[in-house]
Amino acid sequence: MLRRAHYVRALVLTITPLLVSTPPLLAQSAVNDYSDPASWLCLPGHDDACTLDLTATVVAADGSLTTEAWFAAEDAPIDCFYVYPTVSRDQTPDSDMMAGPGENGVVRSQLARFASKCRVYTPLYRQVTIAGLQVALANGVIEWDANVGYGDVVDAWHYYLEHHNDGRGVILMGHSQGTGVLVNMIAAEIDGRPVQDRMISAILLGNTVTVPEGEDVGGSFDHIPLCRSADQIGCVITYMSFRSTVPPQYSRFGVAEGEGMVAACTNPAALGGGAGELEAYFGRSIVGLPSTIQWTEPAKTIETEFVKTPGLVRGECVQKNGYSYLEVTVQGDPADARTDDIPGDLVFGGTPGGLWGLHLVDVSLSMGNLVDIVDTQMKAYLKR
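Scoring rules and cut-offs
- Residues numbered from 1 in each chain as written.
- Predicted model: local features only at pLDDT ≥ 70, side-chain atom pairs only at ≥ 80, totals over all residues.
- Heavy atoms only, no water.
- Helix = DSSP H or I, 4+ residues; strand = E, 2+ residues; numbered from the N terminus.
- Buried < 20%, exposed > 50% of the residue type's maximum accessible area, 1.4 Å probe, protein only.
- Contact = heavy atoms within 4.5 Å.
- Pairing = 2+ DSSP bridges.
- Axes fitted to C-alpha atoms, helices over the stretch in contact; angles between N-to-C directions.
- Salt bridge = Lys/Arg side-chain N within 4 Å of Asp/Glu carboxyl O.
- Parallel < 35°, antiparallel > 145°, perpendicular 65-115°, else oblique.
- Left-handed = near helix turned anticlockwise from the far one by under 90°.
- Nonpolar A, V, L, I, M, F, W, Y, C, P; charged D, E, K, R; others polar.
- Right-handed = clockwise from strand over helix to strand, strands pointing away.
- Core = buried A, V, L, I, M, F, W, Y, C linked by side-chain atoms within 4.5 Å.
- Phe/Tyr/Trp six-rings, centres within 6.5 Å; stacked < 30°, edge-to-face > 60°.
- Disulfide = S-S within 2.5 Å.
- Expected span 1.5 Å × (residues − 1).
- pLDDT = per-residue confidence, 0-100.

(A) Quick look at the overall build of the protein chain. On a plain count of helices and strands, the protein chain comes out with six helices and 21 strands. The buried share of the protein chain, reckoned over its 384 residues, is 56%. Summarising the internal contacts of the protein chain: among those between residues at least 6 apart in sequence, 79% fall at separations of at least 24.

Written out as structure tokens, the structure is:
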């Protein structure tokens, strides 16, 4: 039912494929103190941005509502190290080290649910801000030093390894600008080094990881392949998402530089290939922006922060018109009481276009699948 468009308008948020390049030299800037808990957005043992109630309302196709409980693991055996996307609302090109609504909102939608499987670590870093991106996109001039944020994340990673890791397995996670930083850091600090043995996997969404066409390794990383099964470890899960009805056009996403290179795509719903059901969790906000979607007709009151929509969305990795991406199909039924649409488009000129796709909900679309994969990878790693 409910064939309405629910779009996020007027803000340039998380486009940073230009940050994926050769690992930058560290900037000569003040060094953050990651021994200070205030330098972390999420840190185990602290009441922080990841200490949340993630109970979800399950909206069935017939419009009926049930509640799905959620609990953080009391003694998780592995860690997750997460670098967030472009969300800072500071008016300077680079952000400060104070968390605002954007930073707090994005860990709610992209990270906190993984605390059921791992201890979560999220360093604050002096990222390129929304304002900085807006100026750059408007003027065609980059006026920030991306080395600053990169250097912060590397410093946080080194501090984590020395003081928190204790030889535990770790999953690295990022989205958009966060993925751009992690691609550089993994290539420079982990790929082919002894610490790679501790990397259970890397979940790098919303930005480009390159591979030679038809191959699973090479390009961005020399020794780290793409994940092709849920129990494979030491591998990468990556994609950029677009609606099946609005494929990429003139987009920076889904393309790769270099002859014979493609943007890698691994479908969390079918890592071995093909299509599968995406287990999405949508929030009342999308990376800090309110979502106004009505989930049923007639409207029912939903008390929880998150909504789960079984059977509504499917995904498949495709290569079309020079792009490689996760094609997302919304399987709405006009005869039932549940919405036939999902949120997540970033709109220019009043209509959704193929520049950005479903970038704002890249992570939300497959959250349930990713949590399940992390659980399977954790068990495989611990068994090894």
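(B) Region of interest: the sheet that holds strand E8 (residues 199-205). Taken together, the six strands give an open sheet; going across it, the order is E2-E6-E5-E7-E8-E10, and neighbouring strands pair in mixed fashion. The open sheet has two edge strands, strand E2 (40-42) and strand E10 (235-237), and neither has a second partner. If you compare each strand with its neighbour and ignore which way they point, the axes differ by 25 degrees on average. Summarising the sheet, strand E5 (residues 78-83) and strand E6 (residues 118-123) pair through four bridges and their orientation is parallel.

(C) Inspection of the pairing of strand E19 (residues 323-330) at higher detail. Judged by how many residues are buried, E19 sits mostly within the fold: six of eight residues are covered. Taking the residues that link successive antiparallel strands as the turn, the strand E18 (residues 313-320)-E19 hairpin has two residues, and the phi of Asn 321 there is positive, at about 55 degrees.

(D) Region of the structure containing the pattern of salt bridges. Under the definition given, this model contains 11 salt bridges. Between Asp 79 and Arg 119 there is a salt bridge whose closest N-O contact spans 2.7 Å. With Asp 79 in strand E5 and Arg 119 in strand E6, this pair connects stretches of sequence that are 40 residues apart. For Asp 79, a relative accessible area of 0% translates into the label buried.

(E) View of the packing of helix H3 (residues 146-165) against helix H4 (residues 177-189). The contact between H3 and H4 brings their axes to 10 Å, and the two run at 55 degrees. With respect to each other, H3 and H4 are oriented oblique. Along this stretch, H3 crosses H4, giving a crossing that reads as right-handed. Counting all contacts with H3, which are made through Tyr 150, Val 153, Val 154, Trp 157 and His 158, the residues of H4 involved are Val 181, Asn 184, Met 185, Ala 188 and Glu 189. Here the contact of H3 with H4 is composed, by residue class, of seven nonpolar, two polar and one charged.

(F) The pairing of E6, seen in detail. Within E6, five of the six residues are buried, leaving the element largely enclosed by the surrounding structure. Sheet topology note: the E2/E6 ladder contains two bridges and is antiparallel. Directly across from Trp 40, in E6, lies its bridge partner Pro 123. Each parallel crossover has a hand, and the one from E5 via helix H1 (residues 101-110) to E6 is right-handed.

(G) Summary view of unusual backbone geometry. Of the consecutive residues Glu 297 and Pro 298, the connecting peptide bond is found in the cis state with omega at 0 degrees. Its place among the elements puts Pro 298 in the loop between strand E16 (289-290) and strand E17 (306-308). Unusually for a residue other than glycine, Asp 166 sits at a positive phi of about 55 degrees. Overall, Asp 166 belongs to the exposed group, its relative accessible area being 66%. One non-glycine residue, Ser 176, lies in the positive phi region at around 55 degrees.

(H) Looking closely at the nonpolar core. Within the largest apolar cluster, 103 residues are counted, with the highest numbers of intra-cluster contacts made by Phe 81 and Leu 172. Per element, the largest residue contribution to this core is seven residues, and it comes from helix H6 (residues 367-383). Apart from residues lying up to four places away in sequence, Leu 172 is in contact with Phe 81, Trp 157, Leu 182, Met 185, Ile 186, Ile 190, Met 199, Ser 201, Ala 202 and Ile 203.

(I) Representation of the packing of aromatic side chains in the model. All told, the structure shown has 10 aromatic pairs when counted by the stated rule. Here Trp 40 and Phe 81 contribute two aromatic rings whose centre-to-centre distance is 6.4 Å and whose plane-to-plane angle is 85 degrees, an arrangement assigned as edge-to-face. Taken together, the residues span a long stretch of sequence, with Trp 40 in strand E2 and Phe 81 in strand E5 at a distance of 41 residues. Relative accessible area serves as the criterion here: at 0%, Phe 81 is assigned to the buried category. Each member of the aromatic cluster is reached from another via a ring pair, and the members are Tyr 34, Trp 40, Phe 81, Tyr 121, Trp 157 and Tyr 160.

(J) A look at the sheet that holds E19. With mixed pairing, the four strands of this open sheet are ordered in space as E11-E19-E18-E13. A single partner strand is all that each edge strand has here, and the edge strands are strand E11 (241-243) and strand E13 (275-277). Within this sheet the neighbouring strands show an average axis-to-axis angle of 35 degrees, counted without direction. Strand direction decides the pairing type here: E13 and E18, joined by three bridges, are antiparallel.

(K) Main features of the state of the cysteines. Evaluation of the coordinates by the stated rule reveals four disulfides. The side chain of Cys 42 participates in a disulfide bridge whose partner is Cys 50; the two sulfur atoms lie 2.0 Å from each other. Between Cys 42 and Cys 50, the S-S torsion sits near 75 degrees, and that sign places the bridge as right-handed. A residue is classified by how much of its surface remains accessible, and Cys 42, at 0% relative accessible area, is buried. Using a relative accessible area of 9% as the deciding quantity, one classes Cys 50 as buried.

(L) The arrangement of H6 in detail. With 17 residues, H6 should cover 24 Å at 1.5 Å per step; its first-to-last C-alpha distance of 24 Å lies within 8% of that length. The set of residues buried in H6 consists of Met 367, Gly 368, Asn 369, Leu 370, Val 371, Ile 373, Val 374, Asp 375, Gln 377, Met 378 and Tyr 381.

(M) Here's a closer look at the confidence of the model for the protein chain. Overall, the prediction assigns the protein chain a mean pLDDT of 89, with 88% of residues at 70 or greater. Across residues 1-28, confidence stays below pLDDT 50; counting only partners more than four residues off in sequence or on other chains, it has 106 contacts.

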